[in-house]
Amino acid sequence: MENPMISVILPVYNGSKFLSNAIDSILNQTFVDFEFIIINDGSTDNSLKIIESYQKKDKRIKIVSRGNKGLIETLNEGFSLAKGKYIARQDDDDVSHLTRFEKQVNFLENNIEYALCGTLYNVVDEENNFIRKHYLPSTNENIQKHLFDSCFGHGSVMIRREMILDMKWYRKEALHVEDYDFFIRIAQKHKVYNIPEFLYEWCFRNNSVSYSNFEIQRNKKYLVGESLKSGIPIEEIKLNKDTASQSKARYFDALGAVSLLQGNKLDALRFYSKSLKIDFTLKRFMKLLLSLLSRKLWIVVLEITQKRKYQI
């Protein structure tokens, strides 16, 4: 396929447990004009065998397999290989709804002033059980108001290839928050959009990189955000004491949330207590208490809060 409409980039690192579902969700899309670039980033499990078994059945799949280089280099390598008019992301433990590509291509084809199109997403657990809906701002105007929040689901985005080439791709200096940095840089120069439909399933894993690096990510997100606002290089931005304390508190919040999702309220209480010792406000205390009393009610409140924040 010389000139596909879409190049799909799927980085894989030891993703065998969820990989088949992720690949199936792409191959079964209602929009079929795509090449599927799967990069095996030094996996030590049987991920490569799974990928190869799919390639035998579908020639749209192109495999790159080599030693581990990390996510940033893997994604940039995928960009360099892509031939499509649009580039779509997919993570190896997530699932795209079958009409995702069709709806994103339709939007971008009919709105040529937009560079990027994401979607809303559902959060599911490792057994694919629904946890909650994750709302995001949809219109460009609303996204610009909340630009320094996390306004896109990384795996759900589709981007015009020409815009990616103009953005110097993912930056190594934004390690751990490379998607946050990349999307803000695009949105600062171009219009962006989220289709207001839940077209992606994000798998919540309690041993994921996102949670093991949560404190690092919060600190780096602050540094990158301040750099993009001010134009000062990231390495020259300093993390002040108050911001560092808040980051540590949110780290314990995250561990508490993981414990709740595992059904372990005692661990959640222990982590929340550490968080409140660092950064106590009545509002935070009530929010954490609510989450301990009722996980379901906590989730409902989170969704309502997101809807109000993003004017949905």
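Since this is a predicted model, take the numbers as computed values, not measurements.

Some remarks on the pairing of strand E9 (residues 191–203)
Bridge analysis of strand E5 (residues 95–96) against E9 gives 2 bridges, and the strand direction is antiparallel. Across the sheet, serine 96 pairs through a bridge with tyrosine 200, a residue of E9.

Some details on the pairing of strand E6 (residues 114–124)
Burial of E6 is extensive: 11 of the 11 residues sit out of reach of the surface. In the sheet, E6 pairs with E9 via 10 bridges, with the strands oriented parallel. The residue bridging leucine 116 from the neighbouring strand is valine 192, located in E9. Two elements, E6 and strand E8 (residues 158–160), share 2 bridges in a ladder whose sense is antiparallel. Bridge pairing links leucine 116 to isoleucine 159 in E8. In this structure, E6 lies alongside strand E7 (residues 130–134), joined through 4 bridges in antiparallel fashion. From the neighbouring strand, valine 124 faces E7, where its bridge partner is phenylalanine 130. In this structure, the hairpin formed by E6 and E7 is closed by a connection of 5 residues, where asparagine 128 is found at a positive phi of approximately 65°.

What counts, and at which threshold
Residues numbered from 1 in each chain as written. Predicted model: local features only at pLDDT ≥ 70, side-chain atom pairs only at ≥ 80, totals over all residues. Heavy atoms only, no water. Pairing = 2+ DSSP bridges. Helix = DSSP H or I, 4+ residues; strand = E, 2+ residues; numbered from the N terminus. Buried < 20%, exposed > 50% of the residue type's maximum accessible area, 1.4 Å probe, protein only.

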